[in-house]
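# A closer look at the structure
This is what each chain is made of:
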Amino acid sequence: MELKVNGTVRHIKSAPSTPLLWVLRDELDLKGTKFGCGISECGCCTVLVDGEPVNSCVTPVGDVRGEVLTIEGLGAPDAPHPVQQAWLQHNVVQCGYCQPGQLLAAAALLRHNPDPDRAAIDAALQGHLCRCGTYPRIRAAIATAARLQQQPRTTGSAPFAGEEVR
Ligand code: FES
């Protein structure tokens, strides 16, 4: 079967019943997508399919209809996505294990809702666990990303210190 991943059509040899997570990691060598719980409870394995968050650990690759976006395809080194810029400004990452899923969920949220309030952010991220407890920084970074998305800034600009979340 063929699968479009991060803008490129890939030929997939894995059986259709293989979870998308293992196709991405083991067949396509895209290691940014993480294995967490394996039962769709933690959000570590989140990728986007046609812009919508999907738990790749429980999604057979044969059931995927649409283009897959992984963390490797979210931005480019010289053109990071607003959520990636905001994550850096707020020093969100601790161990980092959950962050690819958190970033993709945040990007999907901002695509649908360019100015999310606290309730919308919490709803979008509720399926994403962070054992390091970075939730306050994630919320603040999403608020910053929303502003960056509306008013693009360079990565070298001053951080939005003390960003408030409504
Ligand atoms: Fe460590 Fe979230 S940063 S699990």
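Residues numbered from 1 in each chain as written. Predicted model: local features only at pLDDT ≥ 70, side-chain atom pairs only at ≥ 80, totals over all residues. Heavy atoms only, no water.

Our focus in this paragraph is the overall build of the protein chain. A tally of regular secondary structure across the protein chain gives five helices and five strands. For the protein chain, the N- to C-terminal ordering of α and β elements is β-β-α-β-β-β-α-α-α-α. Taken against the 2.2 N^0.38 rule, which gives 15 Å for 166 residues, the C-alpha radius of gyration of the protein chain at 16 Å falls within 12% of a compact globule. Projected onto its principal axes, the C-alpha coordinates of the protein chain cover approximately 50 × 30 × 25 Å. When burial is assessed residue by residue, the protein chain has 45% of its 166 residues classed as buried. Within the protein chain, contacts between residues at least 6 apart in sequence are counted, and of these 59% link residues at least 24 apart. (Helix = DSSP H or I, 4+ residues; strand = E, 2+ residues; numbered from the N terminus. Rg over C-alpha atoms; globule rule 2.2 N^0.38 Å. Buried < 20%, exposed > 50% of the residue type's maximum accessible area, 1.4 Å probe, protein only. Contact = heavy atoms within 4.5 Å.)

Time to look at the domain arrangement of the protein chain. Along its sequence, the protein chain is organised into domain 1 (2–73) and domain 2 (82–150). For domain 1 and domain 2, the distance between their C-alpha centroids amounts to 20 Å. Counting residues at the interface gives 18 residues for domain 1 and 13 residues for domain 2. Roughly 1200 Å² of surface becomes buried between domain 1 and domain 2 when both sides are summed, with 63% attributable to carbon and sulfur atoms. Three residues stand out in domain 1 for area buried against domain 2, namely Cys-44, Thr-46 and Ile-71, and they jointly supply 36% of the buried area on that side. Remark: the boundary between domain 1 and domain 2 carries one salt bridge. One salt bridge connects Arg-111 with Glu-52, and the closest N-O pair in it is separated by 3.8 Å. (Domains from an automatic or database assignment. Buried area = accessible area lost by both parts, 1.4 Å probe. Salt bridge = Lys/Arg side-chain N within 4 Å of Asp/Glu carboxyl O.)

This part covers the environment of Val-5. Note on placement: Val-5 falls in strand 1 (residues 2–5). Between the alpha carbons of Val-5 and Leu-48 there is a distance of 9.9 Å; along the sequence they are 43 residues apart.

Our next topic: the pattern of salt bridges. On inspection of all chains with the given rule, the structure shows five salt bridges. Across the pair Lys-31 and Asp-29 runs a salt bridge whose closest N-O atoms are separated by 3.7 Å. Since its relative accessible area comes to 37%, Lys-31 is described here as partly exposed. Classification of Asp-29 as exposed rests on a relative accessible area of 53%. For Asp-122, the salt bridge is made with Arg-118, and the minimal N-O distance between the two is 2.9 Å. Of the two residues, Asp-122 and Arg-118 are both situated in helix 4 (residues 118–125); the distance of four residues between them amounts to about one turn of the helix. By sharing partners, the salt bridges in this structure join Asp-26, Asp-29 and Lys-31 into a single network.

Here we take up the side chain of Thr-134. Counting through the fold element by element, Thr-134 comes out in the loop between helix 4 and helix 5 (135–150). In this structure the side chain of Thr-134 is engaged in a polar contact, spanning 3.3 Å, whose partner is the side chain of Gln-99. Sequence-distant contacts of Thr-134, that is, excluding residues within four places in its chain, are made with Val-92, Gln-94 and Gln-99. (Polar contact = N/O pair within 3.5 Å; in protein donor to acceptor, adjacent residues only side chain to side chain.)

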